[in-house]
Amino acid sequence: MAELLEQIINGLAMGSVYAVVALGFALVFGVAKVVNFAQGSQVMVGAYLAWAAATAWGLSLPLAFLVAVVGSVAISIIIEIIAVEWLGDSAEIAPLLSTLALAFILDQGVRLIWSPNPVRFPNPLSGHNVSIGPITVSATDLFILGATLLFLVVFVFLFKSTWVGRSIRAAAQDPVAASQMGVRTGPAKMTVFGMAGFLGALGGVLVGIYFQQIDPAMGLPFGLKGFAAAMVGGVVSLTGAVIGGLLIGVFEALAGGYLGAAWRDLVAFGLLLVVLIVRPQGLLGSKALLGLGGSRGAGAIPTTSPLADSSGFPVTVMGTRNISMKWTLGITLAIGLFATFGLGNYWSGVMAQGAIFATAALGMTVLTGMTGYVSVGHNALLGVGAYLTARMAVDLGWPFELVLVVVVVLSLLAGLIFALPILGLSGHTIALASLALGQIGYLIMLNWMPATRGPLGIGGIPEPKFALLGGNSLTFNGSMTAICFLVLLIGLGIVAMLQKGQISLNLRSIREDRLAADAFGVNTTPYITIAFMISSVLAGLAGMMFAYQQSFVSPDSFLILFAFLLLTIVLFGGIVSPLGAVIGGIVLIAIPEFLREYSQYRELVYGVILILVIKFLPSGVTSLGAKFSARAGSRIALAADGITESKPSRTESESQVKNA
């Protein structure tokens, strides 16, 4: 019994940290309706600022904490300015992706400023324990619990008894009504971002004290745990965020203590998965907003599409150039032939990788571009295809044709399993649920030793052997590149079939507004499920070619960052354009090869590109031709009429689109 109590207290201490991270996430989401993927990175930055102040400047830990608070709040306000104010007229998906880009920039910035290696964090309570009867508890755990409890008391007082707290609560419940009552919602949003910065600094210092070691990669796992805690509790409930954090901490500690360390993370995200299936709105969440625009709030916008802006204007779709599938297939075939026969081995291999990522990005085009559902967990679906291929090729020696069929069939099943917990969700919770599923998939790859060999991975994967060639491989130079582009063309063929007929119309109606599609008699659930399954097949095919091309697979090949890169690719190329997925995949894989001497700046470059594309090219680079053509045509027509060109106002543009 004493051991059980010690484990529970230890879990409550760690859960307190998760609760702090979850509160920052829930605050920003509740008021600004932004999924702040940078919250985990803010925890990491807060820890590093406190460490630098304590070690480089010799400050005491309390003073170092104040330095961390100032720095973290400043960073948080910059995030608010970029994600909310600068990108405020962009699509609903834009702030989510912009915080993701800022997380890249923060992580890489810390590596460049300090070090990519772990550093020791000072903890004056290290080695001290407190005995309470038969129970022995570390002083660090008690300090974390006490500090969190003190913060929560101040936090509740601030929200219940001050004008600032009441303003924030009013803005969270109904921003329109709050504005009519004299509440300035703009400063309220900046305030919650500032509070999220404070929580990031607090969480960072508590994490540093607990583990006595910090590193630049720690932001992602703590951000994921914070998201998980917020979703378990109910994504817009502050009390739920605290309860969710504590529950995850206790379950983790019990799993680590009685089942082994490998189960800690798996149990935490498994708990989230159970909650998503049994009670999608979370333990303290409510379904009250589902009929009024989902988690975006009561009557905030008239559509459920994340590709539209706050007024319902479809900014990521309307500027897209309509490129026929024949042109897309032709351009892809031409690139593939040039990459296979016109380039040397090195660049031919780079183009093969581009084709693999383009195939996976096509899956995002189907899911996000055709239905509006955003997935941040496709890394797990790629892993399914890769590990299936590795096992069948290495252990069974099956030919490429048979491997292809099995990967397609089991990827369909994986897509169905992936979709089931998400079908009952709406709004940004879809992205968060997919994030959790992607992390669960990664943890299964890491810990299911009999199937995946865990961190050791599976090596020695042979080149594809074809039954049609008598069990032999292709022998000419660039044969792997040719196969990668062949699979990409197969993927484009699948997308072409999906873009025809009634199924295409129904998928697009779901993308524009799922509630309206339901109201017009479209049975949306089967169509969304089909989109997930087809998207999973494309991801599985990409994983298959990844295994063949790399000859080795391991869990590190399918980190959650892989899914983030896929989102960057489709946004760069054009989120609804198959050709955009092809161009985005090839260009974004080739760019780092040109910048090999500056590889340390790679994530910074990705982050900046992502933000600039979100702002200035919401329809992707494939819309450039349409923009230039439209502008040139407009100038010619105006010149013929003797009229000077003037830039139309946004209101006029919206009116034209709505009238169309």
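Residues numbered from 1 in each chain as written. Predicted model: local features only at pLDDT ≥ 70, side-chain atom pairs only at ≥ 80, totals over all residues. Heavy atoms only, no water.

## Some words on the overall build of the protein
Here is step 1 of the chain: For the protein, the count of helices and strands is 26 helices and six strands.
Here is step 2 of the chain: Burial status across the protein gives 54% buried among its 660 residues. (Helix = DSSP H or I, 4+ residues; strand = E, 2+ residues; numbered from the N terminus. Buried < 20%, exposed > 50% of the residue type's maximum accessible area, 1.4 Å probe, protein only.)

## Considering the environment of Tyr 346
Here is step 1 of the chain: With respect to the element layout, Tyr 346 can be found in helix 13 (residues 345-371).
Here is step 2 of the chain: A C-alpha to C-alpha distance of 9.7 Å links Tyr 346 and Gly 478, two positions 132 residues apart in sequence.

## Focus: the packing of helix 22 (residues 560-573) against helix 23 (residues 578-594)
Here is step 1 of the chain: One can describe the packing of helix 22 onto helix 23 by two numbers: an axis separation of 7 Å at closest approach and a directional angle of 120°. As judged from the angle between their axes, helix 22 and helix 23 are oblique. As helix 22 packs across helix 23, the resulting crossing turns out to be right-handed. Touching Leu 565, Thr 568, Ile 569, Phe 572 and Gly 573 of helix 22 are Gly 580, Ala 581, Gly 584, Gly 585, Val 587, Leu 588 and Ile 589, all from helix 23. (Axes fitted to C-alpha atoms, helices over the stretch in contact; angles between N-to-C directions. Parallel < 35°, antiparallel > 145°, perpendicular 65-115°, else oblique. Left-handed = near helix turned anticlockwise from the far one by under 90°. Contact = heavy atoms within 4.5 Å.)

## A closer look at the pattern of salt bridges
Here is step 1 of the chain: Considering all chains together, one arrives at two salt bridges under this definition.
Here is step 2 of the chain: Two residues, Glu 252 and Lys 225, come together in a salt bridge whose shortest N-O distance is 2.4 Å. Remark: Lys 225 occurs in helix 9 (residues 219-233) and Glu 252 occurs in helix 10 (residues 238-258); sequence separation between them is 27 residues.
Here is step 3 of the chain: Two residues, Asp 395 and Arg 391, come together in a salt bridge whose shortest N-O distance is 2.5 Å. Placement of the pair is Asp 395 and Arg 391 together in helix 14 (residues 378-396), with a separation of four residues, close to one helical turn.
Here is step 4 of the chain: Here Asp 395 falls in the partly exposed class, since its relative accessible area comes to 43%.
Here is step 5 of the chain: For Arg 391, a relative accessible area of 23% gives the class partly exposed. (Salt bridge = Lys/Arg side-chain N within 4 Å of Asp/Glu carboxyl O.)

## Considering the packing of aromatic side chains
Two aromatic rings are characterised by how far apart their centres lie and by the angle between their planes.
Here is step 1 of the chain: Evaluation of the coordinates by the stated rule reveals 23 aromatic pairs.
Here is step 2 of the chain: Where Tyr 346 meets Trp 347, the ring centres are 5.6 Å apart and the plane angle is 85°; that geometry is what we call edge-to-face.
Here is step 3 of the chain: Here Trp 347 falls in the partly exposed class, since its relative accessible area comes to 29%. (Phe/Tyr/Trp six-rings, centres within 6.5 Å; stacked < 30°, edge-to-face > 60°.)

## Considerations on the nonpolar core
Side chains of a nonpolar character, in soluble globular proteins, are inclined to be buried together.
Here is step 1 of the chain: In this structure, Met 544, Met 545, Tyr 548 and Val 553 are the most contacted members of the largest nonpolar core, which totals 198 residues.
Here is step 2 of the chain: The residues touching Met 545, leaving out its near neighbours within four places in the chain, are Ile 356, Phe 400, Met 480, Ile 483, Cys 484 and Val 487. (Core = buried A, V, L, I, M, F, W, Y, C linked by side-chain atoms within 4.5 Å.)

## With respect to the packing of helix 19 (residues 501-512) against helix 21 (residues 524-550)
Here is step 1 of the chain: The geometry of helix 19 relative to helix 21 is characterised by a closest axis approach of 10 Å and an angle of 100° between their N-to-C directions. By the angle between their directions, the pair helix 19 and helix 21 is classed as roughly perpendicular. Each of Ile 503, Asn 506, Leu 507 and Ile 510 in helix 19 lies in contact with helix 21, whose residues at this interface are Thr 524, Tyr 527, Ile 528, Ile 530 and Ala 531.
Here is step 2 of the chain: Broken down by class, the residue content of the contact of helix 19 with helix 21 amounts to seven nonpolar, two polar and no charged. (Nonpolar A, V, L, I, M, F, W, Y, C, P; charged D, E, K, R; others polar.)

## Considerations on the pairing of strand 3 (residues 135-138)
Here is step 1 of the chain: The alternating pattern of strand 3 places Ile 135 and Val 137 on a buried face, while none of Thr 136 and Ser 138, on the opposite face, is buried.
Here is step 2 of the chain: Pairing geometry for strand 2 (residues 129-132) and strand 3, over four bridges, is antiparallel. In the strand pairing of strand 3, Ile 132 is matched with Ile 135.
Here is step 3 of the chain: Counted along the chain from strand 2 to the antiparallel partner strand 3, the turn is two residues long, and its residue Gly 133 has a positive phi close to 60°. (Pairing = 2+ DSSP bridges.)

## Here's the deal with the confidence of the model for the protein
Here is step 1 of the chain: For the protein, the average pLDDT comes to 81, and 86% of its residues sit at 70 or higher.
Here is step 2 of the chain: Low confidence marks residues 289-302, where pLDDT is under 50. Its contacts with residues over four positions away, or in another chain, come to 32 contacts.
Here is step 3 of the chain: A low-confidence stretch, residues 644-660 stays under pLDDT 50, and its non-local contacts, those more than four residues away or across chains, total 17 contacts. (pLDDT = per-residue confidence, 0-100.)

## A short note on the side chain of Asn 36
Here is step 1 of the chain: Assignment of secondary structure puts Asn 36 in the loop between helix 1 (2-32) and helix 2 (39-55).
Here is step 2 of the chain: Exposure remark for Asn 36: the relative accessible area of 0% places this residue in the buried category.
Here is step 3 of the chain: Separated by 3.1 Å, the side chain of Asn 36 and the backbone nitrogen of Ala 38 make a polar contact. (Polar contact = N/O pair within 3.5 Å; in protein donor to acceptor, adjacent residues only side chain to side chain.)

## As for a nonpolar patch on the surface
Here is step 1 of the chain: There is a patch of nonpolar side chains on the surface, built from Met 1, Leu 4, Leu 5, Tyr 258, Leu 259 and Trp 263 and spanning about 640 Å² of accessible area.
Here is step 2 of the chain: For Leu 5, the position within the fold is in helix 1.
Here is step 3 of the chain: For Leu 5, a relative accessible area of 33% translates into the label partly exposed. (Patch = residues over 30% accessible without salt bridge, like charges linked within 9 Å, V, L, I, M, F, W, Y side chains within 5 Å. Areas by Shrake-Rupley, 256 points an atom, 1.4 Å probe, with all protein chains shown as cover.)

## Describing helix 23
Note that an α-helix has 3.6 residues per turn; residues three or four places apart therefore point the same way.
Here is step 1 of the chain: The terminal C-alpha atoms of helix 23, which comprises 17 residues, lie 25 Å apart, in line with the 24 Å expected from a rise of 1.5 Å per residue.
Here is step 2 of the chain: Burial runs high along helix 23: 13 of the 17 residues are buried. (Expected span 1.5 Å × (residues − 1).)

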